[in-house]
Amino acid sequence: MSNPVLQLKNIHKAFGGVTAIENFSLDLHSGEVVALVGDNGAGKSTLIKMISGVHPPTSGEILLDGQPASFADASVARERGIEVVYQDLALADQQPVYMNLFLGREPVKGPLRLLDRNRMIAETEALVKELDVRIPSSRATIRDLSGGQRQGVAIARATHWAKKLILLDEPTAALGVAETGRVEATISGLKARNLAILIISHSLDQVFRLSDRICVLRRGVQIGIRETAKTDKNEIVSMITGVGQ
Amino acid sequence: MLSTLTSRTGLQGLIVYAGFVLIFLFFAATLGSESFLTTKNLANIVLQTAPATVMAVGLVFVLSAGEIDLSFGAIVALAALVAAIAMRNQPMIVGVLAGLGSGAAAGAVNGLLVAYGRLPSFLVTLATMGVIAGIGRSISDLQSIPVISPGFISFFGGGSLAGIPSLIIWTLAAIAFGHLVYRQTRFGAHVLAVGDNPRAALVSGIKVARIRLSVLILSGACAGLAGLLYAGRLQSARYTLGESDLMTVIAAVIVGGTALNGGKGTIFGALVGSLMMGMLNNGLILMGLSVSYQMIIKGLIVLVAVAISLRDPNR
Ligand SMILES: Nc1ncnc2c1ncn2[C@@H]1O[C@H](COP(=O)(O)OP(=O)(O)OP(=O)(O)O)[C@@H](O)[C@H]1O
Ligand SMILES: [Mg+2]
């Protein structure tokens, strides 16, 4: 098998004196979906933020394509093809949809390097149509969208830019049944494009529909990794809760 | 035109225009064509507001980035004094550069403390306002310093180009440049993003600290230019310059439609807000009110205008 896209080796993270993640290790290959599950406060979001460069790990190693990666901040991870849908979506609420899709990567034109709004709008419209995100307009202000529509925008942004690895922190938490189905189809599409995908979800049905492997975290401790095809919900639930093992 | 204006900025964005028209009509009706409604007086209002408009452009950037600058009024005096002192025995260009440079440098001190010292801009600029005002008093010995360079006085004060007064050219240049940078560049977009959601800006690769530093430098430089305009028009510099502009300019910018807590703003709105404040000033003087009543009425009108502007239904 080729080098894993992402390797986490003995990651440890403490906030002050509080341990959030203890000794976490995981290999993630391209074309693979790994689900990260665990109760509230288990440390799932913290793990994603370490991979994307928001928080540095207290100790341990992160390797990208076999190379040690030290992300000074989140922009470095982005340049290497890693995209994230954060739990809080990381949208600029008072800006239009198209500006959010291009946040930090706005195209410019001409010698004065002026914003190419037309291009941003056109590309946003194409993308929104392709992903079937139902928003009133690409010029709509984020604040005027519903929770599900915002989540749709955040997912559209990440899928548009991801080249190697995509991290999704509860991407369907605010979505209805039909919208969830569309996002799951989008994720399957990314998998077919050979991206590596790490998804956090509290819906075990979804986890079983999408993932190749399931990684369980409980209060910062990595309980285990199972192949989705070789486990069942009962086993995962007891790993999450620690009851009935 | 009106409908695109409303859809983009919401009804809120129109309040400044309504207020402008209302105040204009009020003074036109009460003072009439004897004093208020003369070409000379109206032109005077525009000329007198030039420094405030230039300050307002800087402040739109600062507020949009989610910061505040309380020191720009003090920087106005500092820059004017530094320029006047430099021009005592140096050519005009040295004075101009020294004035603008001192403004930008004061802004950079604010910016470094805010962006890299991670201190709130409210406290930083409140403190530097005092420090800068003190420096202005000490370098001038509380005296006013005459500006004698005719070139400077013409360029920044009473001169004109193709029949258009310098001060109007400066106003238009500041507005045009400000609008271009604010609306049409990545820098402007990043300023808005930082003020809107700094964490989202950060994870989007925007250099948040650098943006915070830049807007405060820009505000300092704008205040510096405003200081030069005062020095040019009054042909002298004094430590009191800019003192009364702090409230006026903040009010102009907020009434103009810029959010006090970042992420939203307009340069044109700030211009209209600034002209409105200038008109108010002018009208109250022409009505023959004593200075104390002028202050009270102006304060109350600002309060009402700001209260209406901030009643955003989406908040
Ligand atoms: N910036 C921070 N500073 C201090 N403690 C933090 C910080 N971020 C997270 N924590 C702590 O780390 C632990 C894990 O939090 P995390 O957000 O990773 O949980 P989670 O598994 O994503 O939970 P949820 O399912 O509720 O989203 C929690 O105890 C939390 O309080
Ligand atoms: Mg979480």
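Residues numbered from 1 in each chain as written. Chains lettered and ligands numbered in written order. Predicted model: local features only at pLDDT ≥ 70, side-chain atom pairs only at ≥ 80, totals over all residues. Heavy atoms only, no water.

Q: When you look at the site of ligand 1 in this model, what are you seeing that I'm missing?
A: All names here are of chain A. The local shell around ligand 1 holds 13 residues, among which G41, G43, K44, S45 and T46 are the closest. At 3.0 Å, a side-chain N or O of N40 approaches an oxygen atom of ligand 1. Here an oxygen atom of ligand 1 sits 2.9 Å away from a polar atom, N or O, in the side chain of Q87. When the free accessible area of ligand 1 is taken as 640 Å², the share hidden by the protein chains comes to 61%. (Near = heavy atom within 4 Å. Polar contact = N/O pair within 3.5 Å; in protein donor to acceptor, adjacent residues only side chain to side chain. Areas by Shrake-Rupley, 256 points an atom, 1.4 Å probe, with all protein chains shown as cover.)

Q: Can you walk me through helix α14 (residues 291-310) of chain B in this structure?
A: Counting along an α-helix, one turn takes 3.6 residues, and residues three or four places apart therefore face a common direction. All names here are of chain B. Helix length check: α14 (20 residues) gives 28 Å between terminal C-alpha atoms against 28 Å at 1.5 Å per residue, within 8%. For α14, the complete set of buried residues consists of Q294, K298, V302, A305, V306 and S309. The buried residues of α14 occupy an angular sector of 95 degrees when projected down its axis, which confines them to one face. For α14, exposure combined with an orientation more than 90 degrees from the buried face picks out Y293 and L303. On the buried face of α14, the contacting elements are α2 (15-35), α12 (245-255) and α13 (267-286). (Helix = DSSP H or I, 4+ residues; strand = E, 2+ residues; numbered from the N terminus. Expected span 1.5 Å × (residues − 1). Buried < 20%, exposed > 50% of the residue type's maximum accessible area, 1.4 Å probe, protein only. Arc of directions from axis to C-beta. Contact = heavy atoms within 4.5 Å.)

Q: What exactly am I supposed to notice about the coordination of the magnesium ion (ligand 2) here?
A: Six octahedral donors around a metal ideally sit at 90 or 180 degrees from one another, while four tetrahedral donors ideally sit at 109.5 degrees. The protein atoms that coordinate the magnesium ion (ligand 2) are S45(A) (OG) and Q87(A) (OE1), at distances of 1.9 to 2.2 Å. Within this pair, whereas S45(A) is found in helix α1 (residues 44-52), its partner Q87(A) is found in the loop between β6 (82-85) and α3 (97-101), the two being separated by 42 residues in sequence. (Donors = N, O, S within 2.8 Å, 3.2 Å for Na, K, Ca; no water.)

Q: Can you help me understand unusual backbone geometry in this one?
A: Residues other than glycine predominantly adopt negative phi, and peptide bonds predominantly adopt the trans conformation. All names here are of chain A. In this structure, N23 takes a positive phi of about 50 degrees despite not being glycine. Summarising the element assignment, N23 is placed in strand β2 (residues 18-28). Even without being a glycine, R113 presents a positive backbone phi close to 55 degrees. Relative to the helices and strands, R113 is located in the loop between β7 (108-109) and β8 (114-115).

Q: What exactly am I supposed to notice about the packing of helix α3 (residues 39-64) of chain B against α13(B) here?
A: When two helices pack together, their arrangement is given by the angle between the helix axes and the distance between those axes. Residues and elements named next belong to chain B. Packing of α3 against α13 leaves a shortest axis separation of 8 Å and a crossing angle of 140 degrees. What the angle tells us is that α3 and α13 run oblique. Crossing angle aside, the handedness with which α3 passes α13 is right-handed. Between α3 and α13, the residues in contact are N41, I45, V46, T49, A52, T53, A56, V57, V60 and F61 and I267, A270, L271, S274, L275, G278, M279, N282 and L286, respectively. (Axes fitted to C-alpha atoms, helices over the stretch in contact; angles between N-to-C directions. Parallel < 35°, antiparallel > 145°, perpendicular 65-115°, else oblique. Left-handed = near helix turned anticlockwise from the far one by under 90°.)

Q: It is not clear to me how the environment of G224(B) should be interpreted in this structure. Could you clarify?
A: Residue and element names in this part refer to chain B. Secondary-structure assignment places G224 in helix α11 (residues 208-234). Among the residues examined, G224 registers a relative accessible area of 0% and is labelled buried. Placed 72 residues apart in sequence, G224 and I296 show a C-alpha to C-alpha distance of 29 Å. Residues within four places of G224 in sequence aside, it is in contact with I75, A79, G99, L100 and G103.

Q: In this structure, what is going on with a nonpolar patch on the surface? I would like to understand it.
A: Nonpolar side chains collect at one region of the surface, where Y293(B), I296(B), L300(B) and L303(B) lie side by side and expose about 450 Å² of accessible area between them. When you line up the elements, I296(B) lands in helix α14. (Patch = residues over 30% accessible without salt bridge, like charges linked within 9 Å, V, L, I, M, F, W, Y side chains within 5 Å. Salt bridge = Lys/Arg side-chain N within 4 Å of Asp/Glu carboxyl O.)

Q: What's the story with the side chain of Q95(A) in this structure? I'm lost.
A: Structurally, Q95(A) is set in the loop between β6 and α3. Relative accessible area serves as the criterion here: at 9%, Q95(A) is assigned to the buried category. Polar contacts involving the side chain of Q95(A) include one to the main-chain carbonyl oxygen of G263(B), which spans 2.7 Å. Residues in contact with Q95(A), not counting those within four places in the same chain, are N100(A), A140(A), T141(A), I142(A), L192(B), D196(B) and G263(B).

Q: Looking at this structure, I do not really get the packing of aromatic side chains. What am I missing?
A: Any pair of aromatic rings gets described here by the distance separating the centres and the angle formed by the planes. One pass over the structure, following the stated rule, counts 10 aromatic pairs over all chains. Geometrically, the ring pair formed by F155(B) and F156(B) is edge-to-face, given 5.1 Å between the ring centres and 85 degrees between the ring planes. F155(B) gets classed as partly exposed once you look at its relative accessible area, which sits at 47%. A ring pair is formed by F156(B) and W170(B), whose centres lie 5.2 Å apart and whose planes are at 10 degrees; its orientation type is stacked. Taken together, the residues F156(B) in helix α7 (residues 150-158) and W170(B) in helix α8 (residues 166-184) connect sequence positions 14 residues apart. Classification of F156(B) as buried rests on a relative accessible area of 2%. Taken together, the ring pairs in this structure connect F24(B), F26(B), F27(B) and F36(B) into an aromatic cluster. Lying across the ring of Y86(A), R199(B) places its NZ or CZ 5.2 Å from the centre. (Phe/Tyr/Trp six-rings, centres within 6.5 Å; stacked < 30°, edge-to-face > 60°. Lys NZ or Arg CZ within 6 Å of the ring centre and 35° of its normal.)

Geometric values such as these leave the question of function open.
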